[in-house]
Amino acid sequence: VVWLLVLSLAWLCPALGVEEKEREVVAEEEEEEVLSDELEEEDDVLVLHEHNFARALSEHQLLLVEFYAPWCGHCQRLAPNFAQAATTLRNESNLVRLGKVDATAQTALASEFGITSYPTLKLFRDGNRTNPVDYTGRMDAEGIVRWMQRRAGPSATLLQDTDTAAAFVSSQDLVVVGFFKDLGGEAAQVFLEVASEMVDMPFGMAAEEQLFQVYGLSADTVCLFKKFDEGRTDFPVDPTRGLDTAELTQLLRIHSMKLVMEFSSETSNQIFGVKIPHHMILFLNKSSSDQLALQDGFRAAAGTFRGKVLFVVVDVTGYGAEVLPFFGMTPADAPTLRLVKMENNRKYQMEQDSFSDTAIRSFIQAVLDGKVKPHLLSAEPPEDWDKRPVKVLVGKTFEQVAFDETKNVFVKFYAPWCSHCQAMAAAWEELGERYKDHEDIVIAELDSTANELENITISGFPTLHYFPAGPGRKMVEYKSARDVETFSKFLENGGTLPEEPLVVSKSPENSTGEPSTLGVDESRDEL
């Protein structure tokens, strides 16, 4: 028997050795496959990882890389547009390509390029991986293509004679032409920088003296030609200051917009992207000829505030119907006017709507001068609002509850559609049950989509604030775990957690001061 065992082992051991060697060979082959620098593609997009990244940079003069996470909804929505742009650009040139990196798997690359959110797009030029350029264009196929094309070729067309210049100026609704005596000068270089970023309109350059004369110019000037409103806007170059990139960009964005914009799916990005601090809005029903006529006075007032106030018309029966709840309005409220301060979404309303240009100008100036109080939304309080374990606050009852000097009030500011709010709803109800019999502790909630507060701005959901008893209108923002036990510990410790002290701020009085602005974190839905 022993002999048979020895023979068996004699046969078995070599076999095991062979099998082990085969496994090692397979492992080596798999390792070689992983370590390969071959460039594979999906829908014309290069699939990049740490082993082929350098090769991709060396083979493509311009490489736009998307760093994504497979679970990211924004990345999933971008994917078809990114692929479509990749196909378009590949058909145009071999020098310009698009690639993608799964940043959750390729952590070394994500760390190297400081990727902290998804999707993040970076442009690599001439194989340089040290200083990639952040993508600043639109997140659609056309926007990506335009952005890359502007960087692949000259950002501005050189105009050398009157016929070429005339054809260029009339080629599109919006055209920018920089007239410079010295195309190599500093002002011209700033102009080219602006042109490389503003890809939604064509840029041209001219230095010929004849062209200066034809267009009535004697010194360096940037001209915006447009087939609407005043037709042309000139921005002379200050001989001392020269041109500033940010300033010229903002001027071109402001003056490239119509004096009065109509809110639509095509214009919404432009309206909110221009960063004009106030929006004056005329809500009307476009099916009513009487209401359409109100646009005349509205337009007449617009020129006075260009760059400070953007004038927008919203059709309450069309695309604009979607924004009515934000103003607490229905289509029956039209025609009416509202002014919005974009910094904090404060809304201002005339005491009585008057649609003359004089009345509109006076109202806007009064708001800008701080002489008009904001119009604050408030729902009606439920009949049993204070009988429930969680008290239901509205705009008109908030002050008396939150700043009751005999109570410690813990308030959840939420939005009905917010997934994070929904996830913590049960915990908040349980907290209310736990403290419903405490004389000095109130657990409450306020729907911030239907109620506004004069001195507290809510910018993300949920936001949790603790208002301690006593004088001074103190306010503590809670930023810790959202579970009942941590909430309770916070309350029992008088509005603080030993391991994470919270910053106490003084809420300004109603009559004066700027409203406090709250930050947004990853566990909240941004407003």
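Residues numbered from 1 in each chain as written. Predicted model: local features only at pLDDT ≥ 70, side-chain atom pairs only at ≥ 80, totals over all residues. Heavy atoms only, no water.

Labelled according to an unreviewed UniProt entry, the chain appears under the name protein disulfide-isomerase, originating from Indicator maculatus. Check the Sequence similarities (unreviewed entry) section of the UniProt entry for the chain; it says "Belongs to the protein disulfide isomerase family." (UniProt positions renumbered as here; feature names shortened; annotations may be inferred.)

*Asks:* How should the overall build of the chain be read in this particular structure?
*Replies:* A tally of helices and strands in the chain yields 16 helices and 26 strands. The proportion of buried residues among the 527 residues of the chain is 44%. The long-range fraction of contacts in the chain, counting pairs at least 24 apart against all pairs at least 6 apart in sequence, stands at 69%. As presented, the chain carries roughly 27300 Å² of accessible surface, and 51% of it is formed by carbon and sulfur atoms. (Helix = DSSP H or I, 4+ residues; strand = E, 2+ residues; numbered from the N terminus. Buried < 20%, exposed > 50% of the residue type's maximum accessible area, 1.4 Å probe, protein only. Contact = heavy atoms within 4.5 Å. Areas by Shrake-Rupley, 256 points an atom, 1.4 Å probe, with all protein chains shown as cover.)

*Asks:* Where do I start with the pattern of salt bridges in this structure?
*Replies:* Pairing is possible between side chains of opposite charge, provided their charged atoms come close. Evaluated as defined, the whole model comprises 32 salt bridges. The residue Asp384 makes a salt bridge to Arg388 at a minimum N-O spacing of 3.0 Å. What makes Arg388 partly exposed here is its relative accessible area of 34%. Connected via shared salt-bridge partners are Arg138, Asp140, Glu142, Arg146 and Asp200. (Salt bridge = Lys/Arg side-chain N within 4 Å of Asp/Glu carboxyl O.)

*Asks:* What exactly am I supposed to notice about the sheet that holds strand 12 (residues 260-262) here?
*Replies:* The strands making up a sheet are joined through hydrogen bonds of the backbone, oriented either antiparallel or parallel. The five strands lie next to each other as 12-14-13-15-16, forming an open sheet whose pairing is mixed. Strands with a single pairing partner mark the edges of an open sheet, and in this sheet they are strand 12 and strand 16 (346-348). Neighbouring strand axes in the sheet, compared pairwise and without regard to direction, differ in orientation by 30° on average. Sheet topology note: the strand 13 (residues 278-284)/strand 15 (residues 336-341) ladder contains six bridges and is antiparallel. Pairing of Ile281 across the sheet is with Arg338, part of strand 15. (Pairing = 2+ DSSP bridges. Axes fitted to C-alpha atoms, helices over the stretch in contact; angles between N-to-C directions.)

*Asks:* I tried to follow the environment of Pro335 on my own but got confused; where do I start?
*Replies:* With respect to the helices and strands, the residue Pro335 is situated in the loop between strand 14 (309-315) and strand 15. The partly exposed category is assigned to Pro335, whose relative accessible area is 25%. Apart from residues no more than four positions distant in its own chain, Pro335 is found in contact with Phe283, Gln291, Leu294, Asp353 and Phe355.

*Asks:* What am I meant to see in the packing of helix 12 (residues 295-302) against helix 13 (residues 357-368) here?
*Replies:* Two quantities define a packed helix pair, namely the angle between the axes and the distance from one axis to the other. It is at 8 Å that the axes of helix 12 and helix 13 come closest, and there the two elements cross at 50°. Considered as vectors, helix 12 and helix 13 are oriented oblique to each other. The two elements helix 12 and helix 13 cross, and the hand of that crossing is right-handed. Each of Gly297, Phe298, Ala300 and Ala301 in helix 12 lies in contact with helix 13, whose residues at this interface are Asp357, Ile360 and Arg361. Taken together, the residues that form the contact of helix 12 with helix 13 break down as four nonpolar, one polar and two charged. (Parallel < 35°, antiparallel > 145°, perpendicular 65-115°, else oblique. Left-handed = near helix turned anticlockwise from the far one by under 90°. Nonpolar A, V, L, I, M, F, W, Y, C, P; charged D, E, K, R; others polar.)

*Asks:* Explain the side chain of Glu66 here, please?
*Replies:* Here Glu66 shows up in strand 3 (residues 62-68). The buried charged residue Glu66 lacks any salt bridge, with Lys100 as its nearest oppositely charged partner at 6.7 Å. (Lys, Arg positive; Asp, Glu negative; His and termini not counted.)

*Asks:* What am I meant to see in the pairing of strand 3 here?
*Replies:* Strand residues, when the strand is regular, have side chains that alternate between the two faces of the sheet. Most of strand 3 sits out of view: seven of its seven residues are buried. What you see with strand 3 is no split at all: Leu62, Leu64, Glu66 and Tyr68 on one side and Leu63, Val65 and Phe67 on the other are buried throughout. One ladder, built from seven bridges, connects strand 3 with strand 4 (residues 96-102); its direction is parallel. Each bridged residue has a counterpart across the sheet, and for Val65 the counterpart in strand 4 is Gly99. Remark: the strand 3/helix 3 (residues 73-92)/strand 4 crossover connection has right-handed handedness. The pairing of strand 3 with strand 5 (residues 120-125) spans six bridges and is classified as antiparallel. Residue pairing across strands places Leu63 opposite Phe124, the latter belonging to strand 5. (Right-handed = clockwise from strand over helix to strand, strands pointing away.)

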